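# Topology and contacts: notes
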Amino acid sequence: MAQLVIDNITKAFGAVEVLTDISLQIGDGEFLVLVGPSGCGKSTLLNLIAGLESITSGELLIGESVVNDLSPKNRDIAMVFQSYALYPSMTVRQNITFGMDVRGVPKVEQREKVQEVADLLQIGQLLNRRPAQLSGGQRQRVAIGRALVRDPKLFLFDEPLSNLDAKLRVEMRTEIKQLHQRLGTTIVYVTHDQIEAMTLATKIAVMNGGVIQQFGTPQDIYDNPTNVFVAEFIGSPPMNIFPGKVCSDGNSAEIQTKKSGNVVLELDRCEARDMIAPGQEILVGVRPEAFSNQAPLGAEGNVQTVDLIIDVVEPTGPDDLVIIELGGKEVVARLEPQSCAPETVSTLLIDKTKLALFDADTERNLLQS
Amino acid sequence: MISRILIYASLIVLAVIFLLPLWVLIITSLKDLDEIYAGGIMDLPQNPSLQAWARAWGTVCVGLNCTGLKAFYANTFMMAIPSVFLSTFFGAILGYILIKWRFKNSELVFGLILFGAFMPFQAILIPVSQTLSYMGVRDPVLSLIIIHTTYGIPFTTLFFRNYYVTFPDELVNAALIDGAGFFRIFFKILLPVSTPIIVVAVIFQFTGIWNDFLFGVSFASGKDVPVTVALNNIVNVTTGRKQYDLDMAAAVLAALPTLLVYIVAGKYFLRGLTAGSVKG
């Protein structure tokens, strides 16, 4: 178990730079999730940490030592792959002991370790089967078991749940989280699924285009997205972003709509209100749960009401996802079930403290520019 | 239903056409010479006898050696088995390197190796004999082993490379992280799942090497020649009437091992060929 320091790392394949100036640091026992759309470089970064690809420039530290030039086996890491990568010709037991065999761990100790992880992961009855005879979830457990017996400084997970069906994915997610809580290991986990990132991580790095867009705790990233990309990537449904224009009082913004007329949003409780000037074009961000149609949503001064025409109502059970149009964009509001009907006017409450403002050109959060 | 019948009918007709020579070969070998010269090539033998087979196997004279084909069987096996083993092994290693340890210009190297597969035998006879004498190799069996191994490597490399393309890189990465090296990954992870393509390579190499005539006749002589050359010497050197019964029996005997290999491993051969050609 150890800290991980990534200092200014760049990776290029020939002339193509796929990772640019990546810097981040996590402490002992943290759970770092690298999240982003496909092609954002998150798996490449994981391969750099594992030593499966070489680092073009920058420094990588696991524990106290620079590991740039160490081969994977000398980095004291273990990795769980997306396809599980179980050796097809070996039994589950042989899969788990293969690495220990290579390192020359005595047989007695091997047997103890296998028993230990088999009990921990409940795969004791599978030890003599081959990977082809296992279900997806069982293979996943074996792959994790193979990583666990190494007792490494650092665990690496490369999209370990994306080959499982939806129900199993949720179960395994919880199991991985429990495992982390119990063992307290340092983990780096790659996924494109923002829900996995939010639920598992102690730190998230949101990546896009080979650059870290934002690095922080899940709650911080959710509450204060640094730009429109992060705002729209994290959260399900994601943050609503729509264009508006700051009114002449500098304390509110006018949003054009096709059906509901022009709406004026009050920005007086918005942290970023000092950053805007009258007449400025801005992007307004509102999380779906910042809407309501039932009081109370917060302290009275923090709430504003607007009348909007409802386009579509999508019931999910606990909530209705209600789609309205603001500034030419589809905006999703999470409301009480069965509280409104499509094609009718509804009075919505908006929590003014939850509004985020972005620059219309750079798409950066105005609070942070 | 009618199309079924058509399919089976045409398959049966084709099978008969292809098997007819073998049938003639076998019934002729069982007849005596007078019966053969009396004509009626398709007639069944009146007094079937294995006498020609016994002579072909045990006593017929090939040049000066009246030991039958059995001594030359041994020559061919001694040359074919090491050649098949070595060319398959090197092909597997090369295929593994070309796919799982890619290096700069590895595709170009693969192209160059493949070029060897299109080299006609006749074109390299003289360079090969010069190279062998430069290496100081005079033993005919060793010469043939070197030639057949070298000539086989382009084909076996192609087979294994195309087979290993479908093998996930993640498994190699997992083994690397587990601390396994180049050879351990090959022997413990890849080779155990390579049976179909090993069968393909072995059949392909074995039939090719067993049936080789040109290299055998060029680099061996006397009692060292492989069975194909011995067969040629039996058939082409006769005094008096041509011994068709003996020739037929000897021909079947010379072809028997390749035939057996196809019968035993034929279904793996088909499976392996298609498995290798899915990708790459």
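Residues numbered from 1 in each chain as written. Chains lettered and ligands numbered in written order. Predicted model: local features only at pLDDT ≥ 70, side-chain atom pairs only at ≥ 80, totals over all residues. Heavy atoms only, no water.

Quick look at the packing of helix α4 (residues 136-148) of chain A against helix α5 (residues 166-183) of chain A now. Residue and element names in this part refer to chain A. Where α4 meets α5, the axes come as close as 11 Å, and the angle between the chain directions of the two elements is 20 degrees. Considered as vectors, α4 and α5 are oriented roughly parallel to each other. Note that α4 runs across α5; the crossing there is right-handed. Contacts between α4 and α5 involve Gly137, Gln140, Arg141, Ile144 and Leu148 from the former and Leu168, Met172, Glu175, Ile176, Leu179 and Leu183 from the latter. In terms of residue class, the contact of α4 with α5 is made up of seven nonpolar, two polar and two charged. (Axes fitted to C-alpha atoms, helices over the stretch in contact; angles between N-to-C directions. Helix = DSSP H or I, 4+ residues; strand = E, 2+ residues; numbered from the N terminus. Parallel < 35°, antiparallel > 145°, perpendicular 65-115°, else oblique. Left-handed = near helix turned anticlockwise from the far one by under 90°. Contact = heavy atoms within 4.5 Å. Nonpolar A, V, L, I, M, F, W, Y, C, P; charged D, E, K, R; others polar.)

Further remarks concern the layout of surface pockets. To locate leftover empty space, one rolls a probe as large as a water molecule over the atoms. Estimates place the volume of the largest pocket at around 380 Å³. Forming the walls of the largest pocket are Gly51(A), Leu52(A), Ser71(A), Pro72(A), Ile99(B), Lys100(B), Trp101(B), Arg102(B), Asp169(B), Val172(B), Asn173(B) and Leu176(B). Listing elements by their share of the lining of the largest pocket, those giving two or more residues are α4 (70-100) and α8 (169-177) of chain B. Counting residues per element, the lining of the largest pocket draws most heavily on α8(B), which supplies four residues. Partitioning the lining of the largest pocket into residue classes produces six nonpolar, three polar and three charged. (1 Å grid on protein atoms, 1.4 Å probe; cavity = no way out; pocket = protein on both sides within 12 Å on 5 of 7 lines; lining within 4 Å. Points joined across faces, edges and corners; volume = space filled by probe spheres on them.)

Considered domain by domain, chain B is made up of domain 1 (1-49) and domain 2 (70-231 + 256-275). Taking only C-alpha atoms into account, the centre of domain 1 of chain B sits 35 Å from that of domain 2 of chain B. (Domains from an automatic or database assignment.)

With that out of the way, let us pick up the sheet that holds strand β3 (residues 31-35) of chain A. Residues and elements named next belong to chain A. Taken in spatial order, the six strands line up as β6-β7-β8-β3-β9-β10 in an open sheet, and their pairing is mixed. Unpaired on one side and paired on the other, β6 (77-80) and β10 (211-216) mark the two borders of the sheet. Direction aside, neighbouring strands of the sheet carry axes that sit 15 degrees apart on average. Pairing between β6 and strand β7 (residues 154-158): four bridges, direction parallel. Bridged to alanine 78 within β7 is phenylalanine 155. Of the strands in this sheet, β3, β6, β7, β8 (186-191) and β9 (203-208) touch helix α1 (residues 42-50), which is tilted by about 150 degrees from β7. Those strands touched by α4 are β6 and β7, and its axis lies near 175 degrees from that of β6. (Pairing = 2+ DSSP bridges.)

So, on to a nonpolar patch on the surface. Together, Tyr8(B), Ile12(B), Val16(B), Leu20(B), Trp23(B), Ile41(B), Met42(B) and Leu44(B) give the surface a local cluster of nonpolar side chains, amounting to about 820 Å² of exposed area. Structurally, the position occupied by Tyr8(B) is in helix α1 (residues 2-30). (Patch = residues over 30% accessible without salt bridge, like charges linked within 9 Å, V, L, I, M, F, W, Y side chains within 5 Å. Areas by Shrake-Rupley, 256 points an atom, 1.4 Å probe, with all protein chains shown as cover. Salt bridge = Lys/Arg side-chain N within 4 Å of Asp/Glu carboxyl O.)

Next up on the list: the pattern of salt bridges. Side chains bearing opposite charge may pair, as long as their charged atoms lie close to each other. If you walk through the whole model with that rule in mind, you get 17 salt bridges over all chains. A salt bridge links Lys203(A) to Glu30(A), with the nearest nitrogen and oxygen atoms 3.3 Å apart. Of the two residues, Lys203(A) is situated in strand β9 and Glu30(A) in the loop between β2 (16-26) and β3; the sequence distance between them amounts to 173 residues. Notably, a salt bridge pairs Glu107(B) with Arg102(B), separated by 3.7 Å at the nearest N-O pair. One connected set of salt bridges, linked through shared partners, spans Glu266(A), Asp268(A), Arg269(A) and Lys352(A).

One finds Leu4(A), Ile6(A), Ile49(A), Leu156(A), Val188(A) and Ile189(B) to be the most contacted residues of the largest nonpolar core, which totals 60 residues. Ranked by size, the runner-up nonpolar core spans 44 residues in total, among them Ala78(A), Ala143(A), Phe157(A) and Ile221(A). (Core = buried A, V, L, I, M, F, W, Y, C linked by side-chain atoms within 4.5 Å. Buried < 20%, exposed > 50% of the residue type's maximum accessible area, 1.4 Å probe, protein only.)

Residues and elements named next belong to chain B. Mapped onto the elements, histidine 148 comes out in helix α7 (residues 140-165). Take histidine 148: its relative accessible area is 5%, and that puts it in the buried class. Here aspartate 212 takes part through its side chain, which lies 3.4 Å from a polar atom of the side chain of histidine 148. Those residues within four positions of histidine 148 in sequence are excluded, and the remaining contacts are Met79, Ser83, Ser87, Gln205, Ile209, Asp212 and Phe215. (Polar contact = N/O pair within 3.5 Å; in protein donor to acceptor, adjacent residues only side chain to side chain.)

Contacts between the two partners involve 24 residues from chain A, matched on the other side by 15 residues from chain B. Between chain A and chain B, roughly 1,600 Å² of surface is buried when both sides are summed, and carbon and sulfur atoms account for 68% of that area. Of all residues in chain A, the largest losses of buried area upon contact with chain B belong to Tyr87(A), Phe98(A) and Val102(A), amounting jointly to 29% of the total for that side. Applying the counting rule to chain A against chain B returns zero salt bridges. Within the residue set of the side of chain A that touches chain B, elements represented by two or more residues are β6 and α2 (92-103) of chain A. It is α2(A) that contributes the most residues to the side of chain A that touches chain B, four residues altogether. (Buried area = accessible area lost by both parts, 1.4 Å probe.)

Next up on the list: the pairing of strand β4 (residues 57-62) of chain A. Successive side chains on a regular strand alternate, one facing one side of the sheet and the next facing the other. Residues and elements named next belong to chain A. Examined bridge by bridge, strand β1 (residues 4-13) and β4 share five bridges and lie antiparallel to one another. Of the residues in β4, the one forming a bridge with isoleucine 6 is leucine 60. Relative to strand β5 (residues 65-66), β4 is paired through two bridges, and the arrangement is antiparallel. Note on β5: the bridge partner recorded for isoleucine 62 is serine 65.

Residue position: Asp361(A) is located in the segment after β20 (356-359). Since its relative accessible area comes to 72%, Asp361(A) is described here as exposed.

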